[in-house]
Amino acid sequence: MMIRSIARRRAVVTAATACALAVSLTACGGTTKDSADKDTSSAGAGAGGAAKADPKAPLKKGLKLAFLPKQINNPYEKIVDDAGIAATKEYGATGKEVGPSDASASSQVSYINTLIQQRQDAILIAANDPNAVCGPLKQAMAKKISVVSYDSDTAKECRQLFINQASSEEIGRSLVQHLGEQLGYKGKFAILSATQNATNQNTWIEFMKDELKLPKYKDMKLVKVAYGDDADQKSFQQTQGLLQAYPDLKGIISPTTVGIAAAARYLDDSSYKGKVVLNGLGTPNQMRKYVKDGTVEQFSLWNPEELGYLGSYAAAALASGQVTGAEGEKFKAGKLGEYTIGKDGEVILGKPTVFDKNNIDKFNF
């Protein structure tokens, strides 16, 4: 199912079923930065690369794509990956999802090594850490395996394309803007994030902090950034800890679907319900109950199915030679239409949607 719910931007923008663990590989295999750089220099790795695009080239049949999420049991990333895998059937390819059960910085490395040995045509990764995965990803590109990051980026020299949900600045600033409106621009608030090294989370938080410098937020104070590691129980406990440490807390922003659902569950069964404003990024199916019972007034997200779908087509275009990742190149993403690659190989899906009691029943993901 593909829900066409979120507006798409068609302009230039600035900008892994289980693993074959039987394959015996070491994490990074002793690769050094220098050797990785040498490997990739001959492959034209990184955004733009040295290869020449052929926009008229057809999508190759029989491509093998592997989706490597932050963690295999993350409900949000399951939606993204399933949609991307389903999209491969449209252009005669195959896809699979592999990944770790935890979201630690180095947990994805052995999976990348395995995918290289399996000679996948493309690896799509939501990075737990922008740099920890760089060595093996550079090795993948040196072996002519296309590398696309999605949701959470790697360092830009470690992939060719980054499929971004929406403008990072827009996401970060809008979350503070929404909370400010709900709080009347007064009071203490906290951020409940995922992992400390998550590229997307940290980028959004930096834009949140920058937005807070504006005069209208002079009576709002960010007291703490807490980390739930995209684990439900830890996020639940972190919410409890924030409210115990700051009994006068007025709001929480959780820019992670796991975090916001766990925080809502805690608030829903506490004396803070209706007193502490919770905003952030979540899926309608996770948050519907809490919106309808008044625990949460509103939250935001893009369509994760469309994110996976776009990533799938982008990886296929890259592996087929239609694009190289250079700024200004264009490719068609099936039902979503044409997209243009922006600065540093970034492709933006579109603007996020705000969900509330008036529209949440229109969505099912």
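Below: a short report on this structure. Just so it is clear, the structure is predicted and the values come from calculations on it, not from any experiment. (Residues numbered from 1 in each chain as written. Predicted model: local features only at pLDDT ≥ 70, side-chain atom pairs only at ≥ 80, totals over all residues. Heavy atoms only, no water.)

1. Thoughts on the state of the cysteines
Next up, step 1: This structure, assessed with the given rule, holds one disulfide.
Next up, step 2: Two residues, Cys-134 and Cys-158, share a disulfide whose sulfurs are 1.9 Å apart. Across the S-S bond of Cys-134 and Cys-158 the torsion is about 95°, and the bridge reads as right-handed. One end of the pair, Cys-134, is in helix 4 (residues 134–142); the other, Cys-158, is in the loop between strand 4 (146–150) and strand 5 (161–164), and 24 residues separate them in sequence. (Disulfide = S-S within 2.5 Å. Helix = DSSP H or I, 4+ residues; strand = E, 2+ residues; numbered from the N terminus.)

2. Comments concerning the pattern of salt bridges
Next up, step 1: The final tally for this structure, using the stated rule, is 20 salt bridges.
Next up, step 2: Put simply, Lys-78 and Asp-82 hold a salt bridge, and the shortest N to O gap is 3.4 Å. Of this pair, Lys-78 and Asp-82 both sit in helix 2 (residues 75–87), separated by four residues, roughly a single helical turn.
Next up, step 3: Residue classification places Lys-78 among the partly exposed positions, given a relative accessible area of 34%.
Next up, step 4: Ionic pairing is found between Asp-361 and Arg-288, a salt bridge with its closest N-O pair at 3.0 Å. Taken together, the residues span a long stretch of sequence, with Asp-361 in the segment after strand 14 (353–355) and Arg-288 in helix 9 (residues 284–292) at a distance of 73 residues.
Next up, step 5: Ionic contacts of the salt-bridge type, sharing partners, join the residues Glu-169, Arg-173, Asp-210, Glu-211 and Lys-213 into one network. (Salt bridge = Lys/Arg side-chain N within 4 Å of Asp/Glu carboxyl O. Buried < 20%, exposed > 50% of the residue type's maximum accessible area, 1.4 Å probe, protein only.)

3. Concerning the packing of aromatic side chains
Next up, step 1: Overall, the coordinates contain twelve aromatic pairs when judged by the stated rule.
Next up, step 2: Centre to centre, the rings of Phe-299 and Phe-355 are 5.2 Å apart; their planes meet at 25°, and the pair counts as stacked. Placement of Phe-299 in strand 10 (residues 299–301) and of Phe-355 in strand 14 is noted, with a sequence separation of 56 residues between them. For the pair Phe-299 and Phe-355, one class covers both residues: buried.
Next up, step 3: Among the aromatic side chains, those forming a connected cluster through ring pairs are Phe-299, Phe-355, Phe-363 and Phe-365. (Phe/Tyr/Trp six-rings, centres within 6.5 Å; stacked < 30°, edge-to-face > 60°.)

4. Digging into the environment of Gln-165
Next up, step 1: For Gln-165, the location among the structural elements is in the loop between strand 5 and helix 5 (168–183).
Next up, step 2: Judged by relative accessible area, which is 0%, Gln-165 ranks as buried.
Next up, step 3: As a C-alpha pair, Gln-165 and Glu-306 span 141 residues in sequence and 9.1 Å in three-dimensional space.
Next up, step 4: Those residues in contact with Gln-165, other than ones at most four positions away along the chain, are Tyr-76, Asp-151, Asn-200, Trp-204, Trp-302, Leu-307, Ile-348, Leu-349 and Gly-350.
Next up, step 5: Within the structure, Gln-165 has its side chain in polar contact with the side chain of Asp-151 (distance 2.5 Å). (Contact = heavy atoms within 4.5 Å. Polar contact = N/O pair within 3.5 Å; in protein donor to acceptor, adjacent residues only side chain to side chain.)

Note that every value here comes from positions in space, so none of it alone points to a role or purpose.
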